[in-house]
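Descriptive structure summary
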Amino acid sequence: MLNRFANDELRIVTVGTSSTIRQVFTTVLKEFGYKNITGVSSLKSALEMVETSPIDWIICPLNDNDGSNVLQVLEVFNNNIELRHTKVSCYHDTSKSEVVPKCFENGLLSYHSMAVSLAEVKSEFQTLTDMLKESDGDFAHVAATYLRKYLDENGRNEESIALENAYLEAFPGNKESLLHLGETLFKLDLDDAAKKTLFQLDLIHPELIEVKQLLETYTGKSDFSDEDLKNISQLMGFKSAVIIDSDIASTTLLKKQLSIMGFTSVTAFDNPIKALKWLRKNKKTPPNLILAEWKQPEIPGPVFLYKLRQRLKCAAPLIIINEGIEDREMPMVHELGASQIVPKPVNTKTLQEKIVWTISEHLNPREPNILKYQLKQAISQKNKRKIAKLKAIIAKNKRMTEGDKDLIEAELAFDNGCFAHAKEHGMRALQNGAPAPEAMEILGRTLTKLRDFDGAIRCLKNVNFVSPLNVEHLCNIAECQLENGDQEDFEETIQKARDIDHNSKVVEIEAKSAIQNGHTETC
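Everything numeric here is computed off the predicted structure, so don't read it as measured data. (Residues numbered from 1 in each chain as written. Predicted model: local features only at pLDDT ≥ 70, side-chain atom pairs only at ≥ 80, totals over all residues. Heavy atoms only, no water.)

**Brief notes about the sheet that holds strand 3 (residues 57-61)**
Ordered in space as 2-1-3-4-5, the five strands form an open sheet in which the pairing is parallel. What marks the edges here is a single partner per strand, and that holds for strand 2 (36-40) and strand 5 (110-113). With strand direction ignored, the average angle separating the axes of adjacent strands in the sheet is 15°. Pairing of strand 4 (residues 87-92) with strand 5, which is carried by four bridges, proceeds in the parallel orientation. (Pairing = 2+ DSSP bridges. Helix = DSSP H or I, 4+ residues; strand = E, 2+ residues; numbered from the N terminus. Axes fitted to C-alpha atoms, helices over the stretch in contact; angles between N-to-C directions.)

As structure tokens, then:
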């Protein structure tokens, strides 16, 4: 990541209510090597400059003498995509201000509680530039560090927990965030949750002495007890796992890591056919996690994934292990609910991070793709309670794009038989930047119900192009071709579906074709 603030040609505007304040900032910034510095007396003047020429960084007070505040500036930037590259740092003479968290929520880079003197400004900006250098210009990391400091200094522990949970959604396994979350939970006497958090951190970063120090401070012991480990494993959902991999060395490594993480039952298979038979037999007690090699003997990875999800209806969280999945296979990986991909040779730290993230998301989904997949599952299972729960989570999730929300509305409308409404939201999803295959898939199904078979075929063929081994898509295309009287195309498409998996959906379409063509003796 490029550190833009390392550029001495950075265009900077400083806002100060007096010439003395502006001079302090100019002097310090020049000491740091910056050349293009302009001082103005109000936030309004700063905004006027931004509107006429590009500015990289604004340094301003929380409030100015004209009654304007930095939150208003940030909201202007958020509403104008061309101005979002401008970073804002603000200063105030006291650490307490109710508006500060809202400012960070709207894109504030840093907050400095200080008196405006040469020594203090130099010290504060040295800290900021060091942070930017160490993080290689990672503005999200820097902003989170400043907000974390502000919330700690003001005892706002509940908001600290919300911050870390949001940060971990974007950066799973981040050690600073997990460490701070663990300590904050201890401060609120949520010891089990704190230990669970520190256990995750210890798995991913066993070299950190801070974990032992926090345990010692809050529990009087520097290690997790056996009882702690048992409770943590239960809280994390670390109980049973299935491994599907023909590589003995890889299977041995995966078994060892799962055991270390607290899994008490690990079943391994050297080919997917055996695994599918076992999973079918144990359908009522599915594993908490499946780790599967993508390039399997006997059946391709996409076909295994399809059979797992569509035939067995197995919803267990899944991690794919592979040296290199082809780009053309990625849409189906996500479409059929693979949560993460771990490259070979397996790095144990990466594996642990992915497992923790995958199971956490399965139990408490927050990532948009996971939420969309779980909602589609709940709809197919007619699970009204889960649908309501997921809708409530989605409504509060700020990471869901407008396109994602339209996709969800289209799915819900389709399930309720409101096909015109589903079509409207499917079209809107495309316009709002939703993934094209997802939008085309729901549009294809919807247009089929509206008996626009030509339109449905066009949509579904686009979907089939990116997921050619998905039998359900092929069956949907074949059904439209049958309704359109395109018998030759129908036979070609249904044969492709048969070759992949001659399942009940294929049989159903074949029976429909037989009845339509008067061959009822085959039914």
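From this point, the discussion proceeds with the structure in view.
**Focus: the state of the cysteines**
A full pass over the atoms with the stated rule returns zero disulfides. In this structure Cys418 is not part of a disulfide, and its nearest cysteine sulfur, from Cys459, lies 19 Å away. Here Cys418 falls in the partly exposed class, since its relative accessible area comes to 40%. As a non-bridged cysteine, Cys459 has Cys480 as the owner of its nearest cysteine sulfur, 9.6 Å distant. Here Cys459 falls in the buried class, since its relative accessible area comes to 10%. (Disulfide = S-S within 2.5 Å. Buried < 20%, exposed > 50% of the residue type's maximum accessible area, 1.4 Å probe, protein only.)

**Let's talk about a positive patch on the surface**
Residues Lys277, Arg280, Lys283 and Lys313 make up a contiguous surface patch of positive charge. In this structure, Lys283 sits in the loop between helix 13 (272-281) and strand 8 (289-293). Accessibility expressed as a relative area gives 46% for Lys283, which makes it partly exposed. (Patch = residues over 30% accessible without salt bridge, like charges linked within 9 Å, V, L, I, M, F, W, Y side chains within 5 Å. Areas by Shrake-Rupley, 256 points an atom, 1.4 Å probe, with all protein chains shown as cover. Salt bridge = Lys/Arg side-chain N within 4 Å of Asp/Glu carboxyl O. Lys, Arg positive; Asp, Glu negative; His and termini not counted. Charge placed at Lys NZ, Arg CZ, Asp CG, Glu CD.)

**Details of the packing of helix 8 (residues 175-187) against helix 10 (residues 209-219)**
Between helix 8 and helix 10, whose axes approach to 11 Å, the crossing angle comes to 0°. It follows from the interaxial angle that helix 8 and helix 10 lie roughly parallel. Across from Leu179, Glu183, Phe186 and Lys187 in helix 8, the residues of helix 10 making contact are Glu210, Val211, Leu214, Leu215, Tyr218 and Thr219. Of the residues assigned to the contact of helix 8 with helix 10, the class counts are six nonpolar, one polar and three charged. (Parallel < 35°, antiparallel > 145°, perpendicular 65-115°, else oblique. Contact = heavy atoms within 4.5 Å. Nonpolar A, V, L, I, M, F, W, Y, C, P; charged D, E, K, R; others polar.)

No statement about biological role is implied by the geometric values presented.
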